[in-house]
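Architecture at a glance
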Amino acid sequence: MSKAKRLFQDVLWDNKVLKIFAGSKSSVLDVLKSNPMFEDFSNSELKAIAKIAYEREYNPGEYVFLMGQPGAAMFIVFKGEISIQREGENGAEIELTKLKDGETFGELALLDDSPRSATAFVVKPTKLLAIFREDLLNFLAVNPELGGKIVKKLAIITGYRLRMTNDLLMQKQAELEKCREELSEMKND
Amino acid sequence: MIDQSRQLRSRVFYTLFFIFGALITIYLLAVLSPLILPTLIGILLAYVTKPLLTFLRKKGINKSLSVTIIILLFGLAIFGIGKKIYSLIPSSQQQLVIRVQMQNKIDRMYLELLGKENFSSKGNFVDELFGKQMEPLLASFNDFFSMDKKEAKKFKDYLNSDAFTENERSKILSQYNEINNYVFPKTVIKKEVNSENNSPLPKLPSLIPASKITQFFSELSKWIVMPFVFLFVLLDDGEIKKFFVGIMPNRYFEMSLMVFESVDRAIGKYLRGTILQSSLVGLVILVGLLLIGFKPSAAFTIGIVAGISNAIPFLGPIIGFGAGILYAMIVEEITPIIPFIGNDAAVLGVVIVVLIAQFLDNTVFQPYVLGKAVNLHPLVVVLGVTGGSIAFGFWGMFLAIPTIVVFRVIISTIYKQLKAYQIIY
């Protein structure tokens, strides 16, 4: 970054007074840009998406959504930490994964309102960006090209997650098979 | 401990904030009550126009240009329809001619029904059975249409002007003479009292125009809000929704998004459905009246009146029907496209057209266009329309059902979503 540009940003952009008027759109853009889903989107495209994004702040201990609730929005972690959990057989919560800045969860809600498959629990003070399904559909109607790009990315992410799940399933099946073999060997012995 | 005191502080803050907000809202609603109606109509118009905006934007036209096109279209439509309706409003002189024509028509119908040649001759069995009962009714009708001396002079002056062809003049004159020459009831030129001279209070001519101007500007200042509301709701890029969703607690965030969307969709569908339904009723009446031989301008006007008033349950169809009957009574000549409708059957024609329109409305338009959105109990409809008219006059009557439907949609959607999000059982 050039000296002049940095000076301009320090003096004007990072100035708190100006920030009040400018809002936090630039940081929303940064978060969107850092997300794999929007990484190759242009600035004007990201600005259009930022218009339909909601900023929400959560305190530790709050739930973003509960398992079984109808899904309505996809979330991107702006800042903070989210734990994705599922209830185990004994009723205790099992943590499936932890999500940090720039990571996405609840994408399937952009496709339909099927119930959430897990619970999203807030670990640290967290700021989230949410994109609502119906807003995306309206956006798609007016900006079919950009909307199509988002849906394609969504399909890629869903496909990637499906592949990961398949790999995990294969791995677990292999482990199970190995366990069975070991068990039968032990029986034979 | 810290969390508990923080929770308590938050509760106190939000409770006070809510009470304060509610009080301010109630106060503002009371003070700004004259602005409620223009604001509501502005929102309704924006709602109805939104699909057109989406259509234009889908065609690649940017938002500002799309809104400009919509406003221009609206302006042209209002100007065109306004001009047409204004040109169809009869002047005070034309009204006198219409009164003569209507009185003549009613007298003729009366004589025909009773099989009489004039009021003193003997009629058929209807005359024998009901003649005595019908006489006072006709007398009061004639009394209503009759002219005083001043009006009669104005009528004659107008008749002798260049506004009529020789043929028309002689026809109207013969109608005028006919109603004057009937032996019974003698009504014309009997109101000799000049109300202006007998008025106990002195007139203050200087004050009247001033008060009218004040009244005009006060009305204008109220209604000036409407185009702004229309424009801002149309231009809104989701900021209004963002604001309301923004003040929702996190727990209700997704649910509030769903409620907003469902309510928005249901209300939009209902309002557009109502407009489509009213337009279809108006169109059926327009085509029907053209088929029975009404002039295109008259058929168009009656179609618009019937279509708009159709939005008022029960009373609406009567208004449309009344407008058609009134015209049928004064119309001199009709050139029906359907062969079996004669010149004298204009009234019957209107009755048939309105009945067909109402039949189609109830069996086709309402069920298919509006679906179940408007499935209100008839008692709710009657009470709503009556209550609306008592509280807010004509507009209250007009907007009562949409308001009830909107509230019903909001409440049922909130209830459904609260259950879906496991917030209530």
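Structure first, text after, so check above.
The present account deals with the structure reproduced in this document.

Here is what the cut-offs are and how they apply
Residues numbered from 1 in each chain as written. Chains lettered and ligands numbered in written order. Predicted model: local features only at pLDDT ≥ 70, side-chain atom pairs only at ≥ 80, totals over all residues. Heavy atoms only, no water. Helix = DSSP H or I, 4+ residues; strand = E, 2+ residues; numbered from the N terminus. Buried < 20%, exposed > 50% of the residue type's maximum accessible area, 1.4 Å probe, protein only. Contact = heavy atoms within 4.5 Å. Areas by Shrake-Rupley, 256 points an atom, 1.4 Å probe, with all protein chains shown as cover. Patch = residues over 30% accessible without salt bridge, like charges linked within 9 Å, V, L, I, M, F, W, Y side chains within 5 Å. Salt bridge = Lys/Arg side-chain N within 4 Å of Asp/Glu carboxyl O. Lys, Arg positive; Asp, Glu negative; His and termini not counted. Charge placed at Lys NZ, Arg CZ, Asp CG, Glu CD. Polar contact = N/O pair within 3.5 Å; in protein donor to acceptor, adjacent residues only side chain to side chain. Core = buried A, V, L, I, M, F, W, Y, C linked by side-chain atoms within 4.5 Å. Phe/Tyr/Trp six-rings, centres within 6.5 Å; stacked < 30°, edge-to-face > 60°. Lys NZ or Arg CZ within 6 Å of the ring centre and 35° of its normal. Nonpolar A, V, L, I, M, F, W, Y, C, P; charged D, E, K, R; others polar.

**Observations concerning the overall build of chain B**
When its secondary structure is counted, chain B shows 16 helices and zero strands. Expressed as a percentage of its 425 residues, the buried residues of chain B come to 32%. Relative to all contacts within chain B whose residues are 6 or more apart in sequence, the contacts with residues 24 or more apart total 70%. For chain B, the accessible area works out to roughly 26600 Å², and carbon and sulfur atoms hold 70% of it.

**Side note on a negative patch on the surface**
All names here are of chain A. Side chains of Glu 181, Glu 182, Glu 185 and Asp 189 sit close together on the surface and give a patch of like negative charge. One can find Glu 185 in helix 6 (residues 144-188). We classify Glu 185 as partly exposed; its relative accessible area is 48%.

**With respect to the side chain of Ser 66 of chain B**
Residue and element names in this part refer to chain B. Examined against the element boundaries, Ser 66 turns out to sit in helix 3 (residues 63-88). The exposure class of Ser 66 is buried, given its relative accessible area of 0%. A polar atom in the side chain of Ser 66 sits 3.4 Å from the backbone oxygen of Ile 61. With sequence-adjacent residues up to four places away left out, Ser 66 is seen in contact with Leu 53, Leu 56, Arg 57 and Ile 61.

**Things to note about the nonpolar core**
Counting residues in each nonpolar core, the largest one holds 43 residues, and the members touching the most others are Val 64, Phe 75, Ile 82, Phe 105 and Leu 128 of chain A together with Phe 253 of chain B. Broken down by secondary-structure element, the contributors of at least two residues to this core are strand 1 (53-58), strand 2 (63-65), strand 3 (73-79), strand 4 (82-87), strand 7 (119-122) and strand 8 (126-132) of chain A together with helix 12 (253-291) and helix 16 (378-420) of chain B. If you tally residues by element for this core, the top one is helix 16 of chain B, at 10 residues. In this structure, Val 64 of chain A is in contact with Tyr 58, Phe 75, Ile 82, Phe 105, Ala 120, Val 122 and Leu 128 of chain A together with Glu 254 of chain B, ignoring residues within four places of it in sequence. Of all hydrophobic cores here, the second largest spans 32 residues; its members include Ile 106, Leu 138, Ile 330 and Val 350 of chain B.

**A few points about the packing of aromatic side chains**
Inspection of every chain in the model, using the stated rule, returns 16 aromatic pairs over all chains. Between Trp 395 of chain B and Phe 398 of chain B the ring centres are 5.8 Å apart and the planes differ by 90°, which places this aromatic pair in the edge-to-face class. In this pair, Trp 395 of chain B and Phe 398 of chain B both sit in helix 16, three residues apart, roughly one turn of the helix. Feature note: the residues Tyr 54, Phe 65, Phe 75 and Phe 105 of chain A together with Phe 253 of chain B constitute an aromatic cluster, connected by ring pairs. One Lys or Arg, Arg 116 of chain A, reaches over the ring of Phe 65 of chain A and ends 3.9 Å from the middle of that ring. Sitting above the plane of the Phe 41 of chain A ring, Lys 149 of chain A keeps its charged end 4.7 Å from the centroid.

**Considering the interface of chain B and chain A**
By a widely used convention, the size of an interface equals the accessible area lost when the partners come together. Between chain B and chain A, the contact holds 21 residues from the first and 29 residues from the second. Taken together, the links from chain B to chain A amount to four salt bridges. Inspection of the chain B/chain A interface yields 15 residue pairs in polar contact (both at pLDDT 80 or more). No other element matches helix 12 of chain B, which puts six residues into the side of chain B that touches chain A. Residues of the side of chain B that touches chain A, tallied by class, amount to eight nonpolar, four polar and nine charged.

**Some remarks on the environment of Arg 86 of chain A**
All names here are of chain A. For Arg 86, the location among the structural elements is in strand 4. For Arg 86 and Thr 119, which are 33 residues apart along the polypeptide, the C-alpha to C-alpha distance reads 6.1 Å. Setting aside anything within four residues of it in sequence, one finds Arg 86 in contact with Met 67, Ala 92, Glu 93, Ile 94, Leu 96, Ser 117 and Ala 118.

**What to know about the side chain of Arg 133 of chain A**
Residue position: Arg 133 of chain A is located in helix 5 (residues 133-142). At 2.8 Å, the side chain of Arg 133 of chain A and the backbone oxygen of Gly 71 of chain A are in polar contact. Only 3.0 Å separates the side chain of Arg 133 of chain A from the backbone oxygen of Asp 112 of chain A, close enough to count as a polar contact. When residues no more than four places from it in sequence are discounted, the contact partners of Arg 133 of chain A are Gly 71, Ala 72, Ala 109, Leu 110, Leu 111, Asp 112 and Asp 113 of chain A together with Met 258 of chain B.

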